[in-house]
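Take a look at the letters that make up each chain.
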Amino acid sequence: AQKITQTQPGMFVQEKEAVTLDCTYDTSDPSYGLFWYKQPSSGEMIFLIYQGSYDQQNATEGRYSLNFQKARKSANLVISASQLGDSAMYFCAMREGGTGGFKTIFGAGTRLFVKA
Amino acid sequence: EADIYQTPRYLVIGTGKKITLECSQTMGHDKMYWYQQDPGMELHLIHYSYGVNSTEKGDLSSESTVSRIRTEHFPLTLESARPSHTSQYLCASSESTVSSSYNEQFFGPGTRLTVL
């Protein structure tokens, strides 16, 4: 069964510094996708970055990068040069690519606090 | 920017009332989803749809029902609201492609429901 684990309920980071949010996953499907979403206090979910299980390189999107370690089944999100507006909940998610595999499961989330 | 809408954004209602939460998307996506999320907690899939006239229950048991008569519209109904239904409800949609693991979900702004 697929599973997502985020072990950091809360994280603090100083403005302009980098921060890593941890995510580990479990699946038996060789084809899967990993996603990170940001949820500000307003409640909407904002897509940040995607990594496919067959992608050779780590995904990057602006200040966001995904540290994908397939053998360890980890997909950590790295935010460089943190900004005050990065304070939010961050969810790691996974979708299997096999039959019926369009359901996405989400981790419990990590709340990030950026300090001025 | 995603074109997916939810109304109402906030709803406070008494126990026993029937309510319908609206969700519409203008992207022509076949797949649509409803998630339930308590504040600061993970998302739980309660309903999903592959397309018109297709609906399935998600991983979290819910007393709500859904319908998909038109591609763009995926309303969720509670026949008799109870305080235990107090939560945020997020609607999402995604494309259908060969590689189903790739497609990000676009989320609506959510409906915050309070049942007194």
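Anything mentioned here points back to the structure above.
Scope of this entry: the structure provided in the associated data block.

Rules used in this analysis
- Residues numbered from 1 in each chain as written.
- Chains lettered and ligands numbered in written order.
- Predicted model: local features only at pLDDT ≥ 70, side-chain atom pairs only at ≥ 80, totals over all residues.
- Heavy atoms only, no water.
- Contact = heavy atoms within 4.5 Å.
- Salt bridge = Lys/Arg side-chain N within 4 Å of Asp/Glu carboxyl O.
- Polar contact = N/O pair within 3.5 Å; in protein donor to acceptor, adjacent residues only side chain to side chain.
- Helix = DSSP H or I, 4+ residues; strand = E, 2+ residues; numbered from the N terminus.
- Nonpolar A, V, L, I, M, F, W, Y, C, P; charged D, E, K, R; others polar.
- Disulfide = S-S within 2.5 Å.
- Phe/Tyr/Trp six-rings, centres within 6.5 Å; stacked < 30°, edge-to-face > 60°.
- Buried < 20%, exposed > 50% of the residue type's maximum accessible area, 1.4 Å probe, protein only.

1. Digging into the interface of chain A and chain B
For step 1, the next point in the chain: Facing the 28 residues of chain A at the interface are 26 residues of chain B.
For step 2, the next point in the chain: Along the contact surface separating chain A from chain B lie 0 salt bridges.
For step 3, the next point in the chain: Viewed at the interface, chain B and chain A are joined by 5 residue pairs in polar contact (both at pLDDT 80 or more).
For step 4, the next point in the chain: When contributions to the side of chain A that touches chain B are tallied by element, the ones reaching two or more residues are β5 (32–39), β6 (46–52), β10 (88–96) and β11 (104–106) of chain A.
For step 5, the next point in the chain: Along the lines of polarity and charge, the residues of the side of chain A that touches chain B split into 11 nonpolar, 12 polar and 5 charged.

2. As for the state of the cysteines
Disulfide: a covalent bond formed between the sulfur atoms of two cysteine residues.
All names here are of chain A.
For step 1, the next point in the chain: Tallied over the entire structure, the rule returns 2 disulfides over all chains.
For step 2, the next point in the chain: The disulfide that involves cysteine 23 links it to cysteine 92, with 2.0 Å between the sulfurs. Looking down the S-S bond of the cysteine 23 and cysteine 92 bridge, the torsion is -65 degrees, so its handedness is left-handed. A residue pair is termed long-range when its members are at least 10 positions apart, and cysteine 23 in the loop between β3 (19–21) and β4 (24–26) and cysteine 92 in strand β10 qualify at 69 residues.

3. Quick notes on the packing of aromatic side chains
For step 1, the next point in the chain: In the structure shown here, the tally under the stated rule is 13 aromatic pairs over all chains.
For step 2, the next point in the chain: The interplanar angle of 50 degrees and the centroid separation of 5.1 Å between the aromatic rings of Tyr25(A) and Tyr32(A) together place this pair among those described as tilted.
For step 3, the next point in the chain: Given the relative accessible area of 4%, Tyr25(A) is considered buried.
For step 4, the next point in the chain: Given the relative accessible area of 5%, Tyr32(A) is considered buried.
For step 5, the next point in the chain: Here the aromatic rings of Tyr37(A) and Phe107(B) are separated by 5.4 Å at their centres, their planes lie at 80 degrees, and the arrangement is edge-to-face. In this pair, Tyr37(A) sits in strand β5 while Phe107(B) sits in strand β10 (residues 106–107), so the two residues belong to two different chains. Phe107(B) matches Tyr37(A) in its accessibility class, with the two residues each being buried.
For step 6, the next point in the chain: Here a set of aromatic residues connected by ring pairs shows up, and it is made of Phe35(A), Tyr37(A), Phe47(A), Tyr50(A), Phe106(A), Tyr33(B), Tyr35(B) and Phe107(B).

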